[in-house]
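# Coordinates in review
For reference, the chains in residue letters:
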Amino acid sequence: MPAVFHPGRKAAPGAAVDFSQGSVAGNILRLALPMTVAQLINVLYSVVDRMYIGRLPDAAGNALTGLGLTFPIISIVTAFANLFGMGGSPLFSIQRGRGDIHKAKEIMGNTFALLIGTGAVLTAVLLLIKRPLLYAFGASDVTYPYADGYLTIYLCGSLFVMVSLGMNQFINAQGFGRKGMMTVAIGAVTNIVLDPIFIFVFHMGVQGAALATILSQFLSALWALSFLRGKKAPIRLEWPYLRLKARLVWKIVSLGFSSFVMAITNSIVQVACNSTLQAFGGDLYVGVMTIINSVREVVSTPINGVTSAAQPVMGFNYGAEEYRRVRKGILFCTVACVVYTTLVWLLLFLFPQFFIGLFSGEETMTAAAEPAMHIYFFGFFMMSLQMAGQSAAVALGRSKQAVFFSLFRKVVIVTPLTLLLPYLFNLGVNGVFLAEPISNFIGGGACYITMLLTIWRELCRKEREKQASP
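Residues numbered from 1 in each chain as written. Predicted model: local features only at pLDDT ≥ 70, side-chain atom pairs only at ≥ 80, totals over all residues. Heavy atoms only, no water.

Turning our attention to the overall build of the protein. Scanning the protein from N- to C-terminus turns up 16 helices and 0 strands. Taken over C-alpha atoms, the radius of gyration comes to 22 Å for the protein, in line with the 23 Å a tight globule of 470 residues would show. Along the three orthogonal principal directions, the C-alpha set of the protein runs to about 70 × 45 × 35 Å. Taken over 470 residues, the protein has a buried fraction of 58%. Contacts in the protein between residues at least 24 apart in sequence constitute 82% of all its contacts with a sequence separation of at least 6. Total accessible area on the protein is roughly 18,900 Å²; 68% of this is exposed by carbon and sulfur atoms. Each charge class in the protein can be summarised by its mean position, and for the 35 positive and 20 negative side chains these summaries are 15 Å apart. (Helix = DSSP H or I, 4+ residues; strand = E, 2+ residues; numbered from the N terminus. Rg over C-alpha atoms; globule rule 2.2 N^0.38 Å. Buried < 20%, exposed > 50% of the residue type's maximum accessible area, 1.4 Å probe, protein only. Contact = heavy atoms within 4.5 Å. Areas by Shrake-Rupley, 256 points an atom, 1.4 Å probe, with all protein chains shown as cover. Lys, Arg positive; Asp, Glu negative; His and termini not counted. Charge placed at Lys NZ, Arg CZ, Asp CG, Glu CD.)

Our next topic: the pattern of salt bridges. Counted by the stated rule, this structure contains 11 salt bridges. The residue Lys245 makes a salt bridge to Glu106 at a minimum N-O spacing of 2.5 Å. Taken together, the residues span a long stretch of sequence, with Lys245 in the loop between helix H8 (205–229) and helix H9 (246–281) and Glu106 in helix H4 (residues 101–136) at a distance of 139 residues. Close ionic contact of Arg327 with Glu463 constitutes a salt bridge, the shortest N to O distance being 3.0 Å. Separated by 136 residues along the polypeptide, Arg327 in helix H11 (residues 323–350) and Glu463 in helix H16 (residues 429–468) bring together distant segments of the chain. The two residues Arg327 and Glu463 agree in class, both being buried. Salt bridges sharing partners connect three or more residues here, namely Lys103, Glu106 and Lys245. (Salt bridge = Lys/Arg side-chain N within 4 Å of Asp/Glu carboxyl O.)

Note on soluble globular proteins: their nonpolar side chains tend to be buried together. Core analysis: the largest hydrophobic core is formed by 129 residues, its most contacted members being Met167, Val288, Ile292, Val295, Ile330, Phe377 and Phe433. Once you skip the residues sitting within four places of it in the chain, Val295 turns out to touch Leu348, Phe355, Phe359, Met373 and Phe377. (Core = buried A, V, L, I, M, F, W, Y, C linked by side-chain atoms within 4.5 Å.)

End to end, helix H6 (residues 158–172) covers 22 Å across 15 residues, agreeing with the expected 21 Å (1.5 Å per residue, within 8%). What H6 keeps buried is the set Ser158, Val161, Met162, Val163, Ser164, Gly166, Met167, Asn168, Phe170, Ile171 and Asn172. (Expected span 1.5 Å × (residues − 1).)

Turning our attention to the packing of H9 against helix H15 (residues 399–420). One way to put it is that H9 packs onto H15 with a least axis distance of 8 Å and a crossing angle of 5°. Considering the angle they form, H9 stands roughly parallel to H15. A per-class count over the contact of H9 with H15 returns 14 nonpolar, 9 polar and 1 charged. (Axes fitted to C-alpha atoms, helices over the stretch in contact; angles between N-to-C directions. Parallel < 35°, antiparallel > 145°, perpendicular 65-115°, else oblique. Nonpolar A, V, L, I, M, F, W, Y, C, P; charged D, E, K, R; others polar.)

Bringing a nonpolar patch on the surface into the picture now. A contiguous nonpolar surface patch, about 1,100 Å² in accessible area, is contributed by Leu331, Val335, Val339, Leu343, Leu346, Leu347, Phe349, Leu350, Phe351, Phe354 and Leu358. Residue contributions to the nonpolar patch peak at 8 residues, all from H11. Along the polypeptide, Val335 turns up in helix H11. Accessibility expressed as a relative area gives 48% for Val335, which makes it partly exposed. (Patch = residues over 30% accessible without salt bridge, like charges linked within 9 Å, V, L, I, M, F, W, Y side chains within 5 Å.)

Working definition: an aromatic ring pair is given by the centre-to-centre distance plus the angle between the planes. Inspection of every chain in the model, using the stated rule, returns 22 aromatic pairs. Taken together, a centroid distance of 5.7 Å and an interplanar angle of 20° make the contact between Phe257 and Phe260 stacked. With Phe257 and Phe260 both in helix H9 and 3 residues apart, the pair spans about one turn of that helix. For Phe257, a relative accessible area of 34% gives the class partly exposed. Take Phe260: its relative accessible area is 14%, and that puts it in the buried class. (Phe/Tyr/Trp six-rings, centres within 6.5 Å; stacked < 30°, edge-to-face > 60°.)

Honestly, it's all geometry; don't read function into it.
Shown next, in the form of structure tokens:
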């Protein structure tokens, strides 16, 4: 008989959290705070690499540019981790809300099997084709050795990256935000310690940065699996549930496809940006885009933390038929993200040199990056509407809607504009940076309005039906 949650009953220590009890905003924040810290720490894996590499003697600019060229391929690895981890965890939350623990275990087991199998295949394929990919993505003969040196070592540990990212979702989905934070904190601290040792003491350069990263990700993966296999996890990862079931695989992939598309389309946009910037501005502006991407990763982390934390809370309440609480979750998520991104936009506009200086001290790079940042981050708050709308769709299992708006913003708007705008009105490299704010306004507005007209209306209807039923 499946376990059920009893409203009003206090959870025992170590028990999974009942998200249908207490304040919705409180439940989200209790998850969001450690998840945001965890994601910020996770961003440090790559950001710290760039901060150190940007200060290599004699070759800082070329090394930083070479590292930026690896982003599209690293995004592919992240995309597959999201495909399974962020596809399985909302389904897991819904089944947990319904009290079907057996089905929840099947979803988690199948997700783990998909991460392992796909990770092994992906590593082999990317190692075989990395050279033509890097040149296609904007590498020059000067920057290729740096990109190749980093990427080769990173890909050898990509399986650890996928497991730590994918399985950590199931720790957070059970309400253990602090444990989830530790998954990335352990690895990130290790990375921060090992980076300067490998890069400067052992004189390994970009290869040292990559080696520090994959060793750190190994520790993160080990921690996540040890918790999910341990006695403290209310719903454990058990080997009998690793046997793939076609129906479950389809559901996991279908729901995770929106997150997959977001990561893959990020890769596509990065390729379009790097190749266009290489044509119009050379290696310097590919380096500028590396800095802008780094800043965006850092400042976007709280948005990702709040929207990621909201998903298990909304998914649980949707499964428990607490539709009013789902709406409260959407509203809180929206307001929190819009207020935050508006403040960040002002900071980036007023103090761009501070953020640029974190990654490069070269005067030429700073002079080129400052006006580019002003353009790129204009209207940054509109991106939060996209995130809030898609988060609601994913949490409630509306995968097609989430996928559509991922494709709409990145593939239909950003990529064509990135390729076209530089040729119009003598915009040149500025056209590449202008594509992002245009897509935020059009894509963010369309995504959120559609969510209000579909998901919000459905929740209101179901709420009325529930109140009318005896």
